[in-house]
Amino acid sequence: MAMATNVFKPELWSKLLLRDIMNYGVMLDCVNRNYEGEIKNQGDTVHIQKIGDITINTHDESKAMTHQNIAGTTQVLKIDQAKDFMFLVSDIDKVQANVELMTKYTNKAKKNVVNVKDAYLHALGIAAATNDMGTVAITAENIYGTLVDMFAELARANAIGADGKGEDGKRPYIVLPPEVVAVIKKSPEASHATTLGDDTVRKGAIMQYAGFDIKQSTNVGADGTFNILAGTTEGITYAEQITKVESLKDKDFFGDFVRGLYLYGGLAAQPECLAKAVFTVA
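Quick caveat: nothing in here was measured; it's all calculated off a predicted structure. For every chain, the first residue of its written sequence is number 1, and the numbers climb from 1 along that sequence. Per-residue local features of the predicted model are confined to residues with pLDDT of at least 70, and side-chain atom pairs are confined, for both listing and counting, to 80 or more; whole-chain, interface and lining totals are unaffected and use all residues. Working from all heavy atoms in the structure, the side-chain values ignore hydrogens and water.

1. Examining unusual backbone geometry
Here comes step 1: Within the chain, N158 stands out as a residue other than glycine whose phi angle is a positive 65°.
Here comes step 2: Comment: elements are numbered from the N terminus, with helices defined as DSSP H or I runs of at least four residues and strands as E runs of at least two. Along the polypeptide, N158 turns up in the loop between helix 4 (143-156) and strand 5 (173-176).
Here comes step 3: For every residue, the accessible area obtained with a 1.4 Å probe (protein chains only) is divided by the maximum for its type, and the residue is called buried under 20%, exposed over 50%, and partly exposed between those limits. For N158, a relative accessible area of 68% corresponds to the exposed category.
Here comes step 4: Backbone geometry at D223 places phi at a positive 60°, although glycine is not the residue there.
Here comes step 5: Take D223: it is sitting in the loop between strand 8 (221-222) and strand 9 (225-231).

2. Some thoughts on helix 5 (residues 178-186)
Here comes step 1: For helix 5, the full list of buried residues reads V180, V181, V183 and I184. The buried residues of helix 5 occupy an angular sector of 155° when projected down its axis, which confines them to one face. Opposite the packed face of helix 5, turned more than 90 degrees from it, sit the exposed residues K185 and K186.
Here comes step 2: Working rule for contacts: check all heavy atoms of both residues, and any pair within 4.5 Å makes them a contact. Where helix 5 is buried, its residues touch helix 4, strand 5, strand 6 (205-209), strand 7 (212-216), strand 9 and strand 12 (274-280). By arc we mean the arc of the directions from the helix axis to the C-beta atoms, nothing more.

3. Topic: helix 4
Here comes step 1: Under the 1.5 Å per step criterion, the end-to-end length of helix 4 is 20 Å for 14 residues, consistent within 8% with the ideal 20 Å.
Here comes step 2: When helix 4 is considered as a whole, its buried residues turn out to be I143, T146, L147, M150, F151, E153 and L154. Axial view of helix 4: buried residues confined to an arc of 150°, hence all on one face.
Here comes step 3: Directly after helix 4, the chain includes N158, whose backbone phi takes a positive value near 65°. Helix span is expected to be 1.5 Å times the residue number reduced by one.

Any functional reading would require information beyond the geometric quantities listed.
Right, here's the structure in full:
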């Protein structure tokens, strides 16, 4: 009788975990990663220089021009979040291991890390005070108008241009829970919304509505009260790295541990590119 082949390859598990965890999540498409660079340790920092504004003067040929001293500010992106994961793969599982089994394990790790990461990124979204709409009781009759007003807040703050898009060329996003998405689908205007078919361009977006790419998340509140975040990718800067994914032999059981260390950090670098509200749904 043919012996079962041991196809367990720790390096393959590592690649699956790295790919799945790094490239999945609703909020990842809502941030920029311009300053990610080389992150090696918890506590690393990235210094971001924010330039000052330029004053435009009325030219007078009879007077000498005077120069302006540009006073820039420095923001610090701290890599101050560290998460780890570790699970045991028994020798029995190794003998029976195949792509389907590895996918189940990596999907479980992926989902748990994504939930933590998405909640963290959403909490970073501290919008400018002028872009805070306060608390709004949402109904099918007023949801469209409410989102139009939030869109207008971003336009007024110059976060989006006349074409309705941000500096990255994308429509602004808004992250909504399933309860609010359900209200949208019941609204009269929903029949005019366009479903997005290309999720490689706007990963996680489920539809376009009131000028926004709608992204659905369960990490924005519960029990009918939801903290809503909208904006462009310029608003939040994010950096992450899995510094290690490795396997080691367990000394007490027949199996191998697979473990990983995950570092990340973020900053609301441009609050004027964010808008927020608290939606209540009866």
